[in-house]
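# Structural description and commentary
Each chain, written out:
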Amino acid sequence: MSALLRVEKLEVVYGRAITAIQGITLEARKGEIVAVLGTNGAGKSTTLRAISGFLGLDDARVTEGAIHFKGKNLSNRPPYLITKLGIVLVPERDKVFPSLSVVENLSASVSGTGADRKRLEEMAFNFFPKLAELRGRTAGLLSGGERQMLALASAIVCGPELLLVDELSLGLAPVVVDDLAQRLVEIRNTLGITILLVEQNAAVALSIADRGYVLENGRVVLDGDAARLRNHPDIQEFYLGGAGERRSYRDVKQYRRSRRWYG
Amino acid sequence: MQLAINIAVLAAIYALIACGYVLIYRVSRVLNLAHGELMMLSAYLLLTTASLFSKNPLIAIAAAIFLSLCVGVLVYLFLMRRMTGEMVLAAVLTTVALGVLLRGLVVLVWSAQQQNPAQALGWVNYSIPVFGGRISAAGAALIITTALVYAGLFLFLRFSRYGIRMRAAGQNPLLAAQRGISLHAIYALAWGLSTLTGALAGILISLDSGLDSTMVLIGLKAFPAALVGGLDSLVGALIGSLIIAAAEVLMIYYVDALLSDVVPFLVLILMLVVRPWGLFGTREELDRV
């Protein structure tokens, strides 16, 4: 099966000096949930920003490689047109319009060409029945979990073929995160869309993903089926915090990192 | 009673102009300091269309409004669009330059003489008796127009999808783009609406009291009205206009007519000292300027 999204040897440089991404290649096929793992600064968010067309805002640009979506090269397309093509990003923070009500947040979304907007709005409420109860509530007054629901719902109204989710779990209670993760699976199963999930929480991401990539220092260091990644000793040790047999840390940096992570 | 009527008319004038400032500021954080000039341009355009369609005053007015709308959208497309992503200050300075340019252009094309579009249309500005006072026909039209414009804007921003998108884009342009909203389209819409309301104000004022290049000053006096209310709030603009108009009319009546051009700015300074973000504005909104 051909890839819906194909990122090829992507290299991104910030402000002419700092290379944030050094030749990342990854792909996502139709109907897949793909996890992108890595610690802070590994290049996960930069990859998402490159795909959704927001690099220019940070004085960053693609210096090598290309991003193809459904065979089309995405370079030099403004963000709103990328959304209309069917790639919708749920950002890490500032993901709802706080002064708008829940319904207004959904109204603000522009549905892609040929999408049945009414059906999409119904779907959004079906996935998140809680939002239907909170229709008139100002988004700024929602809890973190409700905001994440609203952000996902607003993205669904855009009619995505590829949903980019930046840090689903950030700042949310584990129970809420598990629930949201299950909704993502449900959304994928019902709409048949592809989801690219960028996460620090590897346990959650790998529990719902079909495949995954692990980024470190702007490179893909590991990739494969989610099951394989779950059982990989490095992932066990550094991302899942499991007490695997391998106890020797490969280098001080990673040792410190995992200490910081789980300490 | 006459005092109350005068206040109402002046407040309507300021409110109609002030909503133009608010619309553009709210979506793009840019203060359009050429708003007064654009408003004046509309009145002069009416002068021209009035001579073209001298038999049909309403067509002349509609044509002038349409032309003004085109000017607004063109200003956005050829000037302000290039400012997107630049510093807000650069955009504001551009509007200042545009204002100076328009002022010069108007004198070049239509001369600096006092003009009277009402006469050109063959209209007489009747004085109508109401509640023991008198109001000019154009003054009454101003009050009605302002009420309709505010009601329309309120409904548009509250219930229409594009209105909601305008509010969304004003709040978080980045997220708006992520949701597929074309910021350029929204900004162009804001400029169009802003010049449209400005045109209505300019045309009605010129029908009420004639037209020369001092009309710019009225546009400038409406700016304190917008600021006193809080630059990002339409309700604020309405109430700010009422405050400024009341202060101005009362000062003229009880103290000295010469004060009329000073009072709005006195109120503005007072407001800036006490509550810089305005009566209804959001505090952090103003911090970003």
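Residues numbered from 1 in each chain as written. Chains lettered and ligands numbered in written order. Predicted model: local features only at pLDDT ≥ 70, side-chain atom pairs only at ≥ 80, totals over all residues.

Listed as interface residues are 14 residues of chain B and, on the opposing side, 19 residues of chain A. Of all the secondary structure elements, the ones that give two or more residues to the side of chain B that touches chain A are α7 (161-171) and α8 (173-178) of chain B. Element by element, the count of residues in the side of chain B that touches chain A is highest for α7 of chain B, at six residues. Partitioning the side of chain B that touches chain A into residue classes produces five nonpolar, five polar and four charged. (Contact = placed C-beta atoms within 7 Å. Helix = DSSP H or I, 4+ residues; strand = E, 2+ residues; numbered from the N terminus. Nonpolar A, V, L, I, M, F, W, Y, C, P; charged D, E, K, R; others polar.)

Here we take up the nonpolar core. The nonpolar side chains of a soluble globular protein tend to be buried, and buried together. Within the largest apolar cluster, 177 residues are counted, with the highest numbers of intra-cluster contacts made by Leu164 and Leu197 of chain A together with Ile13, Tyr14 and Ala18 of chain B. The dominant element in this core, judged by the number of residues it contributes, is helix α1 (residues 2-28) of chain B, at 19 residues. Those residues in contact with isoleucine 13 of chain B that sit more than four places away from it in its chain are Leu142, Ala201, Ile205 and Ile218 of chain B. (Core = buried A, V, L, I, M, F, W, Y, C linked by C-beta atoms within 7 Å. Buried ≥ 20, exposed ≤ 12 C-beta atoms within 10 Å, placed from the backbone.)

Next up on the list: the sheet that holds strand β10 (residues 219-225) of chain A. All names here are of chain A. Taken together, six strands build an open sheet; the order of strands is β6-β7-β8-β3-β9-β10 and the sheet is mixed. Across the chains shown, the open sheet's two edge strands, defined by having one partner strand only, are β6 (87-90) and β10. Between one strand axis and the next, the sheet turns by 15 degrees as a mean value, whatever way the strands run. (Pairing = 2+ DSSP bridges. Axes fitted to C-alpha atoms, helices over the stretch in contact; angles between N-to-C directions.)

Across the 11 residues of α7 of chain B, eight count as buried, placing the element largely inside the fold. Where the residues of α7 of chain B are buried, they touch α3 (102-108) of chain A together with α1, α6 (137-159), α8 and α9 (183-209) of chain B.

Next up on the list: unusual backbone geometry. Residues and elements named next belong to chain A. Although it is not a glycine, lysine 9 adopts a positive phi angle of roughly 45 degrees. Following the sequence through the fold, lysine 9 ends up in strand β1 (residues 3-14). Within the chain, lysine 70 stands out as a residue other than glycine whose phi angle is a positive 50 degrees.

This part covers the pairing of strand β8 (residues 194-199) of chain A. Residues and elements named next belong to chain A. For β8, a buried count of six out of six residues is recorded, marking the element as mostly surrounded by other parts of the structure. In β8, alternate side chains face the same way, and those of Thr194, Leu196 and Val198 on one face and Ile195, Leu197 and Glu199 on the other are all buried. In this structure, strand β7 (residues 162-166) lies alongside β8, joined through five bridges in parallel fashion. Bridge pairing in β8 links leucine 164 to leucine 196.

Residues and elements named next belong to chain B. Per-residue pLDDT for chain B averages 89, and the proportion of residues at 70 or more is 97%. The secondary-structure element of chain B with the lowest mean pLDDT is helix α13 (residues 283-287), recorded at 52, while α6 shows the highest, at 94. In the model, residues 285-289 has pLDDT below 50 throughout and makes nine contacts with residues more than four positions away in sequence or in other chains. Here the prediction assigns the complex a pTM of 0.86, and the interface score ipTM is 0.85. (pLDDT = per-residue confidence, 0-100.)

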